[in-house]
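Next come the chains, spelled out residue by residue.
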Amino acid sequence: MKRFIYTTIALAAVAVGCTKSNIVDVPEVQKTPITFETYNGKTPVTKATDVTQATFEASTQAAPAFNVKAFKPNGEGYMDENVWCETQATESTKATWKYDGLTYWPGDGSSLTFAAYGLNAASNVSLSSDGKTLTYTVPANASSHADLVVATPVTQAATAGGTVSLEFKHVLSRVGFRLTTIGSGTSVKINNVILNGLFKNEGTVALNAGTTITPTDGTTLSYSLFAEGEGPFVTDGTTALTKAPIYSGTEANRYMMIIPGQVQDNTWDSAVPSNVGTDPYIFVDYELGGEERQAYIPLLETVIAEDDSESKVNWNFEAGKAYEFIFEVSISQIKFTGVVEDWDEDHTDNTTDMNDMK
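First things first, this report covers the structure right here in the doc. (Residues numbered from 1 in each chain as written. Predicted model: local features only at pLDDT ≥ 70, side-chain atom pairs only at ≥ 80, totals over all residues. Heavy atoms only, no water.)

**Let's talk about the pairing of strand β10 (residues 133-137)**
Bridge count for strand β9 (residues 125-127) against β10 is 3 bridges, and the pairing is antiparallel. Within the sheet, the bridge partner assigned to V125 lies in β10 and is Y136. In terms of strand pairing, β10 meets strand β16 (residues 202-206) through 5 bridges, oriented antiparallel. By the bridge assignment, L134 is partnered in β16 with V205. (Pairing = 2+ DSSP bridges. Helix = DSSP H or I, 4+ residues; strand = E, 2+ residues; numbered from the N terminus.)

Encoded structure:
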């Protein structure tokens, strides 16, 4: 089950004809602005760690949580506000969602379409001039990646009861790497992990129409877990590790957040082993027992047909799914498996064995 942000916008039951930039003189009892009720659900992952209710509510005016837009039926923009939490919620007090100024329902009783996206990914996002299309660009290195969450658009009028619920969904694919060591006394140093193939590195989301990200023509040939100057990830070899996350510096750098889709063939790199050929692959630069090694693992998954026959195809990353590639190391070999799971849930038994590398 995917996790999501669930919050509500409590809208004025009495409609008046003004916005923050066009305030009209109305009776004081009618000046009921759009407000945000206390968050009441599960939050998605932003970068590497779970954003809990407490951390979500730790947003401030200087670092707001999300942006909300509202559009009139003719497509004209009506509301565009960054939202933050005024106070930390406790058992006895509720958090208050705040934004600059006041915004009211349309005076003619017409409906509004509400859309929103998380601002944690703002550095990787650009918006069209009308605010309806969001473009997300994936940087080359994991430490610059960010989880993009987008709310399912909601169209509603004040007469519907005045409360609008926004459900935010993950629109990217999350990729992480873990290390398991067999026995103690095995020191492992991971210098870098790189996904190689033809990837889409840019996509657009129609904020007022849905939460699907549509790839553009932009592409990249690789994504790197460590940027230059980052890493390595080193174990001390004194204790065995079980699915330990691999990252450089802070664990907030441990995930790649990439555009969903099937990786295309590697047709430009002829310096790969014969077991890889033109397949997309994972490259691991590591040291085992002080000896430097490289591993090339085809980035393929097994497809089972209706007649139970099996075939290998290029890996297809799905939106809202989390992928963990697990490196299992003993003194003599490193083995790789891939696990696909619903975002933020515990690992399942849906495991795909990949090539063993000596």
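**Overview of the packing of aromatic side chains**
Throughout the structure, instances matching the rule amount to 12 aromatic pairs. Look at F233 and Y247: their rings are 6.2 Å apart centre to centre, the planes differ by 55°, and that puts the pair in the tilted class. Placement of F233 in strand β19 (residues 233-234) and of Y247 in the loop between β20 (244-245) and β21 (256-258) is noted, with a sequence separation of 14 residues between them. The exposure class of Y247 is partly exposed, given its relative accessible area of 23%. Judged by centre distance (5.0 Å) and plane angle (80°), the rings of F317 and Y323 are edge-to-face. Here the two residues F317 and Y323 agree in accessibility, since each one is buried. Linked through ring pairs, F177, W315, F317, Y323, F325 and F327 together constitute an aromatic cluster. (Phe/Tyr/Trp six-rings, centres within 6.5 Å; stacked < 30°, edge-to-face > 60°. Buried < 20%, exposed > 50% of the residue type's maximum accessible area, 1.4 Å probe, protein only.)

**With respect to the pattern of salt bridges**
Counted by the stated rule, this structure contains 5 salt bridges. Through salt bridges with shared partners, a single ionic network connects R178, R254 and E324. (Salt bridge = Lys/Arg side-chain N within 4 Å of Asp/Glu carboxyl O.)

**Quick look at a negative patch on the surface**
On the surface, E306, D307, D308 and E310 cluster together into a patch of negative charge. A residue is classified by how much of its surface remains accessible, and E310, at 60% relative accessible area, is exposed. (Patch = residues over 30% accessible without salt bridge, like charges linked within 9 Å, V, L, I, M, F, W, Y side chains within 5 Å. Areas by Shrake-Rupley, 256 points an atom, 1.4 Å probe, with all protein chains shown as cover. Lys, Arg positive; Asp, Glu negative; His and termini not counted. Charge placed at Lys NZ, Arg CZ, Asp CG, Glu CD.)

**A look at unusual backbone geometry**
For the bond from G231 to P232, the omega torsion is -5°, close enough to zero to count as cis. By the element assignment, P232 lies in the loop between β18 (219-224) and β19. Of note in the backbone geometry, K243 takes a positive phi value of approximately 50° without being a glycine. By secondary structure assignment, the location of K243 is in the loop between β19 and β20. Within the chain, D308 stands out as a residue other than glycine whose phi angle is a positive 70°. Locating D308 in the fold gives a position in the loop between β25 (300-304) and β26 (310-314).

**A short note on the pairing of strand β24 (residues 291-298)**
Both strand β23 (residues 281-288) and β24 contribute to a ladder of 8 bridges, which runs antiparallel. Bridge pairing in β24 places E287 opposite E292. Two successive antiparallel strands, β23 and β24, enclose a turn made up of 2 residues, where G289 displays a positive phi of approximately 60°.

**Topic: the nonpolar core**
Among the nonpolar cores identified, the biggest contains 49 residues, and Y136, F177, F317 and F325 are the most heavily contacted of them. Sorting the residues of this core by element identifies β8 (112-118), β10, β14 (173-181), β15 (188-200), β21, β23, β24 and β28 (321-329) as the ones contributing at least two each. The dominant element in this core, judged by the number of residues it contributes, is β15, at 5 residues. Discounting residues that sit within four places of it in the chain, F177 has contacts with V193, L195, L225, A244, P245, I246, R254, M256, E324, F325 and F327. Formed by 21 residues, the second largest nonpolar core is a distinct cluster that contains A65, C85, A151 and V154. (Core = buried A, V, L, I, M, F, W, Y, C linked by side-chain atoms within 4.5 Å. Contact = heavy atoms within 4.5 Å.)

**Some remarks on the sheet that holds strand β17 (residues 214-215)**
Spatial strand order, β9-β10-β16-β17: 4 strands in an open sheet with antiparallel pairing. Each edge of the open sheet is held by one strand with a lone partner, namely β9 and β17. Direction of pairing for β16 relative to β17: antiparallel, over a ladder of 2 bridges. Paired with G203 across the strands is P215, a residue of β17.

**Topic: the environment of N201**
Relative to the helices and strands, N201 resides in the loop between β15 and β16. Overall, N201 belongs to the buried group, its relative accessible area being 14%. The spatial distance from the C-alpha of N201 to the C-alpha of P215 is 7.7 Å, given a sequence separation of 14 residues. Beyond its immediate stretch of four places on either side in the chain, N201 contacts Y136, T137, V138, G218, T219, T220, Y223 and I259. Here T219 takes part through its backbone nitrogen, which lies 3.1 Å from a polar atom of the side chain of N201. (Polar contact = N/O pair within 3.5 Å; in protein donor to acceptor, adjacent residues only side chain to side chain.)

Honestly, that's just the spatial picture; any functional story needs more than this.
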